[in-house]
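The residues making up each chain are set out below.
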Amino acid sequence: MRQFTSRGLLAVVGMKASQVGRCCPQIKQFMIEVMDTTTTIEGVLQRRDKILVALTGASEVFLRGSLVTWQENVFQVIKDVGHRLDVGRVFVCKHNEVTAEHVITSLRYAWQATGDVTQMDVPGLQQIHFQEAGFGRWAGKLYEGGVVSGRGVQIPQHERTWFVSSDVQTLIVVPVFVEREWWGLVGFENYGLEGNWSEPEIEAFKTFGVLFGAAIRRKRMEESLQHEQQSVMQKIKQIEDLAKFTSEDPLPVMRVSYENVVFYANRAAQPLLDSKQVTVGGTVTGDWTELVERVREKQQSEEIDHEAAGQVYSLLFAYIPDEAYVNVYGREVTREREAAVIKTQFMAMASHQLRTPLTSLRWYSELVQQKLTEADAEVKEMVDIIHQTTVKLAELVDDLLSISRIERGKVELEIVQANLGELTREIVSDMKVQAQTKGLVFEVEVAPELQPFWFDPKLIREVIVNLVSNAIKYTPDGGRVQVRVTLGESQVLIEVEDSGMGISEGDKQKIFGRFFRSQRAVESGIDGTGLGLSVAKLIVEKCGGRIWFESEENVGTRFFVTLPYRKNL
Ligand code: ADP
């Protein structure tokens, strides 16, 4: 493009400038016009280049974000551009509202060649209603992505009085869009006095608007990134705080991998680590490894008591689904355990002491019963009550004794080879009368392939008697009680099923607790001590088995007991 200078053109037609005067008037006129045009082209290109250079400077400031604040960047850019282009004034307006009907804008940044003056605070230039202020022409053009430009006289009078200084020669205003939203505008006053702007110049100015939009977009992205960074930092802090939460926990917390490596231990867990002679990162040995293995295999948490530094801790080895470690939560229970021992000892002593007098009471009441004649009917009734009460008391004392003996390890298993099928049938036959009195269907079923095996028949009898007597007690007249003995691969399953009152959801957790009796059982006037199932659980677990149940209120209950099927000792 540079070759289209006036001299270049003369060279093309083979003339010198001085020769132009010697041409005929038409050619002379034509040549002058051509020379004018080419001079203008040259000027236009120079001016466009100036704009582009100014733009480069602006993009450096904007896109590198070299200054501290966005505001500083904008001032720097409009000042640079203003200087480089030799403009009288540069102003930037940001819209507050843009709708199809109206545009409301405010002057945000301004620079003047006479000095760095910002007019941001000028109240008259805030919240300007474009259409009402007579700038509808601007709104229409800029909204479409066009520019508003003109030389002094071409600018309508009312626009001049509003926005532009009175000595305005030229004005060019370009829109700023940010992601298709019309953000605002940038205007340049008193620039390029030589003539109307050419397309390249207008395009260059428009590019400035585009650059401004890109800078705002970048600023927004930076802000949202910063915001995200802040929220990430906040989350990290929360996580760190949470991590501190466990380290500050006064109760011991540890994490042990399935390879028995201690990943983590808080301060309170130190005595436990010391007792195991292990540090974080080290490997635990002994009973803990067996426990970790069991939790992993059974996918069930387990609790143990552990002694460390003269204290007793209850440790819960918690199963964590989908992870290759267990969390260990500790609780210091020294006093609790001491109290429990004292309680059991007291129970043992009290029930032992009660047993002898109760037995003699029972005997004597039976003796008196026998000695009484028909005539003593009233006395007999009273003695009957004494006898029944004594029997109940004796049963309670027996249960208490069983519990305390098992708990204190005073019960030795008497494992013999016995026939569980026969034992079950015997129990059922003994209890037939009770079932018949209530009109129950009472059935027993034993797997024919069940062979005699090694177990403690005395203790297991106690368990079955308790379950069957419960089934009878808690089933209304005319119901059904079924006892089944089946054979699994390595264990025997005893089932006692009834169609009775069932156990409510809320009671299910408490059923094996000592002295627990459901409200409904108590309200129905059914006798009981609330000890039978806790004794049964202690016995079954001592025998290496498991006890559990399924129940639905008003439908029935099914108790399950498993025992190891040991054919040989
Ligand atoms: P109890 O001497 O009261 O029967 P247990 O320990 O044997 O004591 O049972 C505890 C409680 O569990 C009972 O009081 C009763 O509320 C409930 N229960 C036990 N077995 C059954 C059953 N088969 N059906 C409904 N509730 C039962």
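As the structure is a computational prediction, the values presented were derived from the model and not from experiment.

**Comments concerning the sheet that holds strand S7 (residues 253-257)**
Two strands in a sheet stick together by hydrogen bonds in their backbones, pointing the same way (parallel) or opposite ways (antiparallel). Taking strand neighbours across the sheet as the criterion, the 5 strands line up as S8-S7-S11-S10-S9 in an open arrangement whose pairing is antiparallel. Both edges of this open sheet fall to strand S8 (262-265) and strand S9 (302-308), since each of them pairs with a single strand only. Geometrically, the sheet is characterised by an average inter-axis angle of 25° between neighbouring strands, direction not taken into account. Judged from the 7 bridges that link them, strand S10 (residues 311-319) and strand S11 (residues 325-332) form a sheet pairing that is antiparallel. Its bridge partner lying in S11, leucine 315 is registered against glycine 330. Running at roughly 30° to S10, helix H8 (residues 287-298) makes contact with S7, S9, S10 and S11 of the sheet.

**Points about the packing of helix H3 (residues 70-85) against helix H6 (residues 199-248)**
Closest axis-to-axis distance for the H3/H6 pair is 12 Å, and the angle between their directions is 165°. The orientation of H3 with respect to H6, classified from their angle, is roughly antiparallel. Of the two possible hands of crossing, H3 and H6 adopt the one that is right-handed. On H6, the residues touching Trp70, Val74, Val77, Val81 and Leu85 of H3 are Phe205, Phe208, Phe212, Ala215, Ile216 and Lys219.

**Section: the packing of helix H11 (residues 420-430) against helix H13 (residues 457-473)**
It is the contact of H11 with H13, at a shortest axis distance of 10 Å, that shows an interaxial angle of 45°. Between H11 and H13, the crossing angle belongs to the class labelled oblique. Taken as a pair, H11 and H13 cross one another with a handedness that is right-handed. Judged by residue contacts, Leu420, Leu423, Thr424, Glu426, Ile427 and Asp430 of H11 engage Pro457, Ile460, Arg461, Ile464 and Val465 from H13.

**Digging into the pattern of salt bridges**
Per the stated rule, a full pass over the model turns up 27 salt bridges. A salt bridge links arginine 220 to glutamate 181, with the shortest nitrogen-to-oxygen separation between them at 3.7 Å. Here glutamate 181 lies in strand S6 (residues 181-189) and arginine 220 lies in helix H6, a separation of 39 residues in the sequence. For the salt bridge of lysine 458 with glutamate 414, the shortest nitrogen-to-oxygen distance reads 3.9 Å.

**Looking at the environment of lysine 542**
Here lysine 542 shows up in helix H15 (residues 532-542). On the accessibility criterion, lysine 542 (33% relative accessible area) is partly exposed. Spatially, the C-alpha atoms of lysine 542 and glutamate 412 are 9.7 Å apart, while their sequence positions differ by 130 residues. In this structure lysine 542 touches Ile406, Val411 and Leu413, once residues within four positions along its chain are discounted.

**Notes on the sheet that holds strand S4 (residues 148-151)**
Taken together, the 6 strands give an open sheet; going across it, the order is S3-S2-S1-S6-S5-S4, and neighbouring strands pair in antiparallel fashion. At either margin of the open sheet sits one strand with a lone partner, and together these are strand S3 (128-129) and S4. Relative to strand S5 (residues 170-178), helix H4 (residues 136-143) is tilted by about 50°, and along the sheet it contacts strand S1 (89-98), strand S2 (103-112), S4, S5 and S6. Helix-sheet contacts for H6 involve S1, S5 and S6, and the interaxial angle to S5 is about 35°.

**A look at the nonpolar core**
Judged by nonpolar contacts, the single largest core of 48 residues is most densely connected at Leu420, Phe442 and Ile460. At 8 residues, H13 tops the list of elements feeding residues into this core. Excluding anything up to four places from it in sequence, phenylalanine 442 contacts Val428, Met431, Lys432, Ala435, Val468, Ile472, Val481 and Val483.

**Focus on the site of the ligand**
Close contacts around the ligand come from 20 residues, with Asn470, Tyr474, Arg517, Ser518 and Leu533 the closest. Between the ligand and serine 518, the relevant distance is 2.9 Å, taken from an oxygen atom to a side-chain nitrogen or oxygen of the residue. For the ligand, whose accessible area on its own is 530 Å², the fraction buried by protein is 98%. For the shell around the ligand, the secondary structure elements donating two or more residues are H13, H15 and strand S18 (556-564). The element contributing the most residues to the shell around the ligand is H13, with 3 residues. For the shell around the ligand, the residue count by class is 8 nonpolar, 9 polar and 3 charged.

**Some words on the packing of aromatic side chains**
Note on aromatic pairs: each is described by the distance of the centres and the angle between the planes. The final tally for this structure, using the stated rule, is 19 aromatic pairs. An aromatic cluster is present here, built from Phe130, Phe135, Trp138, Tyr143, Phe177 and Trp182 joined pairwise through their rings. For the cation-ring pair, lysine 537 lies above phenylalanine 512, with the distance from its terminal atom to the ring centre recorded as 5.9 Å. Over the face of the ring belonging to tryptophan 548 we find arginine 546, whose NZ or CZ atom lies 4.5 Å from the ring centre.

**Re the side chain of serine 106**
The topology assignment puts serine 106 in strand S2. Aside from chain neighbours lying at most four places away, what touches serine 106 is Val92, Cys93, Lys94, Asn96, Leu125, Gln126 and Gln127.

**What about unusual backbone geometry?**
Of note, the phi angle at glutamine 277 is positive, near 50°, even though the residue is not glycine. Relative to the helices and strands, glutamine 277 is located in the loop between helix H7 (270-275) and H8. Residue classification places glutamine 277 among the exposed positions, given a relative accessible area of 74%. Positive phi values are uncommon outside glycine, yet aspartate 322 reaches one of about 65°. Checked against the element boundaries, aspartate 322 lands in the loop between S10 and S11.

**Details of H4**
Among the residues making up H4, those that are buried are Trp138, Ala139 and Leu142. The arc that holds the buried residues of H4, viewed along the axis, is 100°, so those residues lie on one side. Following H4 by one or two positions, glycine 145 has its phi on the positive side, about 90°.

**Considerations on H15**
Every buried residue of H15 is listed here: Gly532, Leu533, Ser534, Val535, Ala536, Ile539 and Val540. Close packing links the buried residues of H15 with helix H10 (377-407), H13, strand S17 (546-552) and S18. Within two residues after H15, glycine 544 carries a phi angle of roughly 85°, on the positive side.

Basis of the calculations
Residues numbered from 1 in each chain as written. Predicted model: local features only at pLDDT ≥ 70, side-chain atom pairs only at ≥ 80, totals over all residues. Heavy atoms only, no water. Pairing = 2+ DSSP bridges. Helix = DSSP H or I, 4+ residues; strand = E, 2+ residues; numbered from the N terminus. Axes fitted to C-alpha atoms, helices over the stretch in contact; angles between N-to-C directions. Contact = heavy atoms within 4.5 Å. Parallel < 35°, antiparallel > 145°, perpendicular 65-115°, else oblique. Left-handed = near helix turned anticlockwise from the far one by under 90°. Salt bridge = Lys/Arg side-chain N within 4 Å of Asp/Glu carboxyl O. Buried < 20%, exposed > 50% of the residue type's maximum accessible area, 1.4 Å probe, protein only. Core = buried A, V, L, I, M, F, W, Y, C linked by side-chain atoms within 4.5 Å. Near = heavy atom within 4 Å. Polar contact = N/O pair within 3.5 Å; in protein donor to acceptor, adjacent residues only side chain to side chain. Areas by Shrake-Rupley, 256 points an atom, 1.4 Å probe, with all protein chains shown as cover. Nonpolar A, V, L, I, M, F, W, Y, C, P; charged D, E, K, R; others polar. Phe/Tyr/Trp six-rings, centres within 6.5 Å; stacked < 30°, edge-to-face > 60°. Lys NZ or Arg CZ within 6 Å of the ring centre and 35° of its normal. Arc of directions from axis to C-beta.

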